[in-house]
Structures are given as C-alpha cells and as structure tokens.
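Fold and contact review
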Amino acid sequence: QVQLVESGGGLVQPGGSLRLSCAASGTISSIYDMGWYRQAPGKQRDVVATITTGGSTNYADSVKGRFTISRDNAKNTMYLQMNSLKPEDTAVYYCSADLRRLPGTRVQNYWGQGTQVTVSS
C-alpha cells in the first residue's frame, strides 16, 4: 500500500506564507515526477508546480516568483513554499507522484487526499 499525505494547509492573510508538505509512505522502490495541483470550488484541478527526480521544476504562470517546489528524495517528501499569497490561491491543494512500488513493476500515479489553503483577511 502506498500513501501520499499532505500537510501544512490552513488559513492565512493575503501576503502571508505557508509551506505544504507531501510525504510518501509504504512499499516504494522509486519515485519519479512529483507535482502539486489545486482545485478551487467549481473549477477544474490545475497544475501548480512539478518537479523531476533530478530537481527540474515547472510552475504555472500564476505562481511563478511566489511559490517554490522542492523535494527530499531521501525522505520521499515534497514541499511547496508559498509566499505572497493571494485570495485567488484559495483551493484544495493535492500532491501527486509517479512511482514504482517494486523493481520491475510498472510506474503508477498516486494522489494525496488534499489540504485546504484559504487566503482571506
């Protein structure tokens, strides 16, 4: 069994910061691409940022310069540092990972349960 567990969400004022974490646990051989996604009420789930095993990153235009994605491969953990938060960043944030549970098996995609981020005064 594999689990991705997000943490670090909450209520923050505009201009504030939050740091999200996503910890992968269970039977895991290798983790490949990881990413953060978000879904606001009534909207589709959109990509926020992605990171490869080697650390190459991509960001949605709306968060460039404000958010930073990183990962600790030794801890099977990914992070999202969010600065200068805006009300439009309010959403449920999900982490995703492509991983192989056992050597020789196929790579599968897993999702966390999501963590709420609310930016409001």
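Residues numbered from 1 in each chain as written. Predicted model: local features only at pLDDT ≥ 70, side-chain atom pairs only at ≥ 80, totals over all residues. Heavy atoms only, no water.

Okay, the sheet that holds strand β7 (residues 67–72) next. One open sheet accounts for four strands, arranged β1-β3-β8-β7; its pairing is antiparallel. Where the open sheet ends on each side, the last strands, each with one partner, are β1 (2–7) and β7. Each strand of the sheet is rotated relative to its neighbour by a mean of 15°, with strand direction disregarded. Taken together, the six bridges between β7 and strand β8 (residues 77–82) define a ladder with antiparallel strand orientation. (Pairing = 2+ DSSP bridges. Helix = DSSP H or I, 4+ residues; strand = E, 2+ residues; numbered from the N terminus. Axes fitted to C-alpha atoms, helices over the stretch in contact; angles between N-to-C directions.)

All right, on to the pattern of salt bridges then. In total, this model carries three salt bridges according to the counting rule given. Asp 89 serves as the salt-bridge partner of Arg 38, at 2.9 Å between the closest nitrogen and oxygen. Here the residue Arg 38 occupies a position in strand β4 (residues 30–39), and Asp 89 occupies one in the loop between β8 and β9 (91–100), the gap between them amounting to 51 residues. Relative accessible area serves as the criterion here: at 1%, Asp 89 is assigned to the buried category. Each of Arg 38, Arg 66 and Asp 89 takes part in salt bridges that share partners, so that together they form one network. (Salt bridge = Lys/Arg side-chain N within 4 Å of Asp/Glu carboxyl O. Buried < 20%, exposed > 50% of the residue type's maximum accessible area, 1.4 Å probe, protein only.)

Attention now moves to the pairing of strand β5 (residues 46–51). Pairing geometry for β4 and β5, over five bridges, is antiparallel. Looking at the pairing, Gly 35 lines up with Thr 50 of β5. Count of turn residues in the β4/β5 antiparallel hairpin: six residues, of which Gly 42 carries a positive phi of about 75°. Pairing geometry for β5 and strand β6 (residues 57–59), over three bridges, is antiparallel. When the sheet's bridge partners are listed, Ala 49 is paired in β6 with Tyr 59. Linking β5 to β6, which pair antiparallel, is a turn of five residues; within it Gly 55 sits at a positive phi near 100°.

Computed from the structure, the largest pocket encloses a volume of approximately 200 Å³. Contributing to the lining of the largest pocket are 13 residues, with Arg 38, Ala 40, Lys 43, Asp 46 and Glu 88 lying nearest its centre. Going through the elements one at a time, β4 and β5 are the ones with two or more residues in the lining of the largest pocket. Top contributing element to the lining of the largest pocket by residue count: β5, with three residues. Looking at the lining of the largest pocket residue by residue, the class counts come to five nonpolar, four polar and four charged. (1 Å grid on protein atoms, 1.4 Å probe; cavity = no way out; pocket = protein on both sides within 12 Å on 5 of 7 lines; lining within 4 Å. Points joined across faces, edges and corners; volume = space filled by probe spheres on them. Nonpolar A, V, L, I, M, F, W, Y, C, P; charged D, E, K, R; others polar.)

Turning our eyes to something else, we now look at the nonpolar core. Ranked by internal contacts, the top residues of the largest apolar core, which has 30 residues, are Trp 36, Val 48, Phe 67, Met 78, Leu 80, Met 82 and Tyr 93. At the level of elements, β1, β3 (18–26), β4, β5, β7, β8, β9 and β11 (115–119) are the ones that each hand at least two residues to this core. Among the elements that line this core, the one with the most residues is β9, at five residues. In contact with Met 82, other than residues within four places in its own chain, are Gly 16, Ser 17, Leu 18, Leu 20, Arg 66, Phe 67, Tyr 93 and Val 117. (Core = buried A, V, L, I, M, F, W, Y, C linked by side-chain atoms within 4.5 Å. Contact = heavy atoms within 4.5 Å.)

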